[in-house]
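Chains, contacts and geometry: an overview
The lines below spell out each chain.
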Amino acid sequence: MQAIRSILVVLEPEHSESLALKRAKLIAGVTRAHLHLLVCDRKHDHSAMLGVLKAALVADGYSVTTEQAWESSLHETIVTVQQAEGCGLVIKQHYPDSPLKKALLTPEDWKVLRTCPTPVLLVKTAGSWKDKVILAAVDVGNIDSEHRHLHNTIIDYGYDIASMAKAHLHVISAHPSPMLSSADPTFQLSETIEARYREQCKAFQAEFDVDDEHLHIAEGPADVLIPFMVHKLQAAVTVIGTVARSGLSGTLIGNTAEVVLDAVESDVLVLKPQEVEDHLEEIASKH
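What comes next is a walk through the structure. (Residues numbered from 1 in each chain as written. Predicted model: local features only at pLDDT ≥ 70, side-chain atom pairs only at ≥ 80, totals over all residues. Heavy atoms only, no water.)

Describing the overall build of the protein chain
- What the protein chain contains, in helices and strands, is ten helices and ten strands.
- For the protein chain, the proportion of its 287 residues judged to be buried stands at 48%.
- In the protein chain, of all internal contacts separated by at least 6 residues, the share reaching a separation of at least 24 is 77%.
- Roughly 13600 Å² of accessible area belongs to the protein chain as shown, and the carbon and sulfur atoms make up 55% of that amount. (Helix = DSSP H or I, 4+ residues; strand = E, 2+ residues; numbered from the N terminus. Buried < 20%, exposed > 50% of the residue type's maximum accessible area, 1.4 Å probe, protein only. Contact = heavy atoms within 4.5 Å. Areas by Shrake-Rupley, 256 points an atom, 1.4 Å probe, with all protein chains shown as cover.)

See below:
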């Protein structure tokens, strides 16, 4: 996160106090990153509001530019501007859709997560991150190169945010429930699954310097366990990764991140492996 030189902050003109801008100021205050404020609207002129915000931020010592733009949709506007400005992080406030609307239409924030080549921080809370828990969700059982790289990224960002906000990093890893039908007897008993998982976790803990007190291992689906642990630890930020399921941009994000987004009571930072970011970058650059 220290390497991010420019942050795209998506503002909602109808919400006077922007939680996205609050988080962007916290991060830029430490990293000295440039802030590019974006209003996505094709109908009304918001230059006066952007001018006032910019003047106040510049007076506080921030480097700021502003823009109002509209492509054919919100997520396309965000990705187009992110590409044009070379922003390394997108920060946006999350507004949950109703279950009915979600059943009929893919939520815009899901589309942002699926198509944006950079990390996306979706802000859901107004509270301070200071002295709180930053929860990084990893899948220790997956040790292929794509997952290993993603684990590195998730833990690095987790430590960066914890250091920036003077918070505490905790890590959660879910392991599968026993499967009686499994050909491997190891996966037929809870105890043997747990034992194998703990072994894998030892190597992970040694590599990333995570002690037992800060590592939470639980059995069951990640999309249930992560919100449970966020609530239990009162986490301020959940850092979660997503791995490509196929080469199709529409299915690049794992369902877990999308389900977790509305289920957790925290801000959510979603990260992708380098090859997924490269693939999305290629798609975005063609538009």
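A word on the packing of aromatic side chains
- The final tally for this structure, using the stated rule, is one aromatic pair.
- When the centroid spacing of 4.8 Å and the interplanar angle of 50° are considered together, the rings of Phe 204 and Phe 208 count as tilted. Taken together, the residues span about one helical turn, with Phe 204 and Phe 208 both in helix α7 (residues 190-208) at a distance of four residues. Here Phe 204 matches Phe 208 in class, with each residue buried. (Phe/Tyr/Trp six-rings, centres within 6.5 Å; stacked < 30°, edge-to-face > 60°.)

So, a negative patch on the surface
- Residues Asp 209, Asp 211, Asp 212 and Glu 213 make up a contiguous surface patch of negative charge.
- Residue position: Glu 213 is located in the loop between α7 and β8 (215-219). (Patch = residues over 30% accessible without salt bridge, like charges linked within 9 Å, V, L, I, M, F, W, Y side chains within 5 Å. Salt bridge = Lys/Arg side-chain N within 4 Å of Asp/Glu carboxyl O. Lys, Arg positive; Asp, Glu negative; His and termini not counted. Charge placed at Lys NZ, Arg CZ, Asp CG, Glu CD.)

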